[in-house]
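Next come the chains, spelled out residue by residue.
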Amino acid sequence: MASTNERDIQPTSAADSSGAKTQDSESSPEKLYGELLALSRVSAAVSGLRDLDATLEVALDTMLETMDGSIGGILLIDEQTQTLTYRVYRGLSDKFAEEMTLKLGEGIAGRVAQTGKSVLVEDLSTDPRAAWHDLISTEGLKAFISVPLRAKDTVLGVLNVASRSPRHFTKDDMHLLHAIGDQVGVAIEQAELYDQLRKERENYRWLARHMLIAQEEERGRVARELHDETSQSLTGLSLNMQALMEIANASDFGDAAFKAKLEKAHNITLQLGSEISKIMKSLRPIALDSLGLGPAIRQFAESRLQPAGINVSATYEGMEERFPSEVEFGLYRIAQGAIANIAWHSQAKNAVISVRRTSAELIMQIEDDGNGFDASRPIEVDESGRGRGLFSMKERASLLGGTCDIHSQPGKGTKITVKVPVYWSKADARDKGTDSR
Ligand SMILES: Nc1ncnc2c1ncn2[C@@H]1O[C@H](COP(=O)(O)OP(=O)(O)O)[C@@H](O)[C@H]1O
Ligand SMILES: [Mg+2]
């Protein structure tokens, strides 16, 4: 038979249980104090937790401890399927928790999720509203409280507490749980929002990384095309023009103006060739292929900073072996960005650059004694693209499984430290000189 003493209450807080007061819920000062204590314990336990499962587990454990109980669980609503399933539980068999799936409105917890009202049952095994009678009787559940977990006006799930003896809980227990449910609801909402933010950030980082890879590949492709097609054709053009000039000179063909024009055209071809070679160099640094990372960085730093009157000290250590292409390119591009920043922004007198390999890491430091900037603020990329350089330095380092620490203060110079682990196998390393890129 159904319990005659089951009651639904309106979703009010424990302290304000208007419309649901019975003789066992008269709020004596001691009771109120106990409830407040329980509430503050749960609230302290869940506040600041960002992981949803951790939040739910802490909430459930603190709540069971507060109620001196050992059986309970939290079911969450799946928005898409509109069903409730156990997310965390204690004292219930795995079979029970895994098989218990309720549609909204189905069974007692389903009803609580749908209406937002708590339910107190004295004996679940005889309650006609309960679903899954077989599971319930196998589990031996009798007394039962189910309360909604709400954030604002939305029910996110249900918190159940059960006992294997009937008439175990009082209405006070239910009121207290109801208030706890509101606390937990807000914590769940926060954890879900945080989770969403984390996932979106992961997507964003994934995209940023792949854009960096794609950019490098595209640069390589354009450089190769310039080398294989454009440069070759220009060389052919230049040779032909030279031959024409020789023919014109030898056979006295054409007047002086014609010959001058021919020579001018030849010079333009040569100039075009050197401009294309400059573009190829910046797209695909040849020094990196031919000299290796340390010397290539030193060459770039000297060529970029010395003309600006900045004194450069660049050293490298333990860099005899070649590293995988993405490591060399990644570090080289970071160095390019940091060195370009010194040239553009720092007004430094000195720049000190070091690259060294330890047994576990490749460490690159690029330091200047210029005017610095506030690096404690999170990097923001503005519309003009300012910030993109620093952002991509960090992304490139993390793409290589490493870190890029940017240390700077106004008036105190800038120091960039990049650390990349060296866990790649020897087989991955490029053979010096065999890579034609
Ligand atoms: N070495 C440096 N010295 C002084 N300021 C720097 C240095 N590196 C970066 N900055 C500051 O950080 C900003 C962001 O740098 P970055 O992301 O490379 O973008 P951009 O160089 O396009 O402005 C710069 O505009 C500059 O104000
Ligand atoms: Mg920059």
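Residues numbered from 1 in each chain as written. Chains lettered and ligands numbered in written order. Predicted model: local features only at pLDDT ≥ 70, side-chain atom pairs only at ≥ 80, totals over all residues.

Chemist: Can you help me understand the overall build of the protein in this one?
Modeler: When its secondary structure is counted, the protein shows 11 helices and 12 strands. Structurally, the protein occupies a C-alpha span of about 120 × 45 × 45 Å along its principal axes. Put simply, the protein has 437 residues, and 31% of those count as buried. A separation of at least 24 residues holds for 65% of the contacts in the protein among residues at least 6 apart in sequence. (Helix = DSSP H or I, 4+ residues; strand = E, 2+ residues; numbered from the N terminus. Buried ≥ 20, exposed ≤ 12 C-beta atoms within 10 Å, placed from the backbone. Contact = placed C-beta atoms within 7 Å.)

Chemist: Can you help me understand the packing of helix α6 (residues 171-250) against helix α11 (residues 388-399) in this one?
Modeler: Contact geometry of α6 with α11 gives a least axis separation of 10 Å together with a crossing angle of 90°. The orientation of α6 with respect to α11, classified from their angle, is roughly perpendicular. Residues A208, R209 and L212 of α6 touch α11, and the partners they reach there are S392, E395, R396 and L399. By residue class, the composition of the contact of α6 with α11 is three nonpolar, one polar and three charged. (Axes fitted to C-alpha atoms, helices over the stretch in contact; angles between N-to-C directions. Parallel < 35°, antiparallel > 145°, perpendicular 65-115°, else oblique. Nonpolar A, V, L, I, M, F, W, Y, C, P; charged D, E, K, R; others polar.)

Chemist: What am I meant to see in the sheet that holds strand β12 (residues 414-421) here?
Modeler: In a beta sheet, neighbouring strands pair by backbone hydrogen bonds and run either parallel or antiparallel. The five strands lie next to each other as β8-β9-β10-β12-β11, forming an open sheet whose pairing is mixed. On the outer flanks of this sheet lie β8 (311-317) and β11 (403-408), each paired with one strand and no other. Each strand axis lies, on average, 5° off the axis of its neighbour in the sheet, ignoring direction. Where β8 meets strand β9 (residues 350-357), seven bridges bridge the pair, whose relative direction is parallel. Counterpart to A314 in the pairing with β9 is I353. In the packing of α11 onto the sheet, the strands contacted are β11 and β12, and the crossing angle to β11 comes to about 145°. (Pairing = 2+ DSSP bridges.)

Chemist: Please clarify how α6 should be interpreted in this entry.
Modeler: Each α-helix winds once per 3.6 residues, and so residues spaced three or four apart point in a common direction. Over its 80 residues, α6 runs 115 Å from end to end, which matches the ideal 118 Å to within 8%, given 1.5 Å per residue. Bending of α6 peaks at approximately 35° at the position of L226. Within two residues after α6, D252 carries a phi angle of roughly 55°, on the positive side. (Expected span 1.5 Å × (residues − 1). Bend = angle between axes of the 7 residues up to and from the residue.)

Chemist: Is there a simple way to explain helix α1 (residues 29-46) in this structure?
Modeler: The terminal C-alpha atoms of α1, which comprises 18 residues, lie 26 Å apart, in line with the 26 Å expected from a rise of 1.5 Å per residue. Listed in full, the buried residues belonging to α1 are E35, A38, V42, A45 and V46. For α1, the arc enclosing every buried residue in end-on projection is 100°, short of the 170-degree limit, so these residues lie on one face. Facing away from the buried side of α1 by more than 90 degrees, the exposed set consists of P29, E30, L32, Y33, L37, S40 and A44. (Arc of directions from axis to C-beta.)

Chemist: Explain the environment of L177 to me, please; I cannot follow it from the model alone.
Modeler: Here L177 shows up in helix α6. Here L177 falls in the buried class, since 27 other C-beta atoms lie within 10 Å of it. In sequence terms L177 and V355 are 178 residues apart; their C-alpha atoms lie 60 Å from each other. In this structure L177 touches I145, V147, L159 and V161, once residues within four positions along its chain are discounted.

Chemist: What is the right way to read the packing of α1 against helix α2 (residues 52-67) from this model?
Modeler: With their axes 9 Å apart at the nearest point, α1 and α2 run at an angle of 160° to one another. As far as their axial angle goes, α2 and α1 are roughly antiparallel. Crossing of α1 over α2 shows right-handed handedness. Residues A38, R41, V42, A45 and V46 of α1 lie in contact with α2, whose contacting residues are T55, V58, A59, T62, M63 and T66. A class-by-class count of the residues in the contact of α1 with α2 yields seven nonpolar, three polar and one charged. (Left-handed = near helix turned anticlockwise from the far one by under 90°.)

Chemist: How should I be thinking about the site of ligand 1 in this particular structure?
Modeler: Neighbouring ligand 1 are 18 residues, the closest being N341, H345, S346, G389 and L390. Of all elements in the fold, only α10 (325-346) and α11 reach the threshold of two or more residues within the shell around ligand 1. With six residues, α10 is the largest single contributor of residues to the shell around ligand 1. (Near = placed C-beta within 6 Å.)

Chemist: When you look at the confidence of the model for the protein in this model, what are you seeing that I'm missing?
Modeler: Detailed reading of the predicted coordinates is not advisable wherever pLDDT is low. Confidence in the prediction of the protein, expressed as mean pLDDT, is 85, and 91% of residues score 70 or more. Counting contacts from residues 1-25, a segment whose pLDDT is below 50, to residues more than four positions away or on other chains yields 53 contacts. (pLDDT = per-residue confidence, 0-100.)

Chemist: So what exactly am I meant to see when it comes to the nonpolar core here?
Modeler: What tends to happen in soluble globular proteins is that the nonpolar side chains get buried as a cluster. Residues A59, V158 and V184 are the most contacted members of the largest nonpolar core, which totals 51 residues. Not counting residues up to four positions away in its chain, the partners in contact with V184 are V42, V46, A59, L149 and L159. A314, F323, I342 and M393 belong to the second-largest nonpolar core, a separate cluster that totals 34 residues. (Core = buried A, V, L, I, M, F, W, Y, C linked by C-beta atoms within 7 Å.)

Chemist: What's the story with the environment of A151 in this structure? I'm lost.
Modeler: Relative to the helices and strands, A151 is located in strand β6 (residues 144-151). For the pair A151 and D182, spaced 31 residues apart in the sequence, the C-alpha separation amounts to 6.6 Å. Setting aside chain neighbours within four positions, we find A151 in contact with L156, G185, V186, I188 and E189.

Chemist: Any chance you could explain the environment of S163 here in plain terms?
Modeler: Along the chain, the position of S163 falls in the loop between β7 (154-162) and α6. By the C-beta count within 10 Å, which is 21 here, S163 ends up buried. Once the C-alpha coordinates of S163 and F144 are considered, the two residues, 19 residues apart in sequence, prove to be 6.5 Å apart. Other than its neighbours up to four places away in sequence, S163 contacts G69, I71, K142, A143, H168 and F169.

Chemist: Mind showing me how you'd approach unusual backbone geometry here?
Modeler: Trans is the prevailing form of peptide bonds, just as negative phi is the prevailing case for residues other than glycine. At K152, a position not held by glycine, the phi torsion is positive, near 50°. Along the chain, K152 turns up in the loop between β6 and β7. A count of 8 C-beta atoms within 10 Å places K152 in the exposed class.

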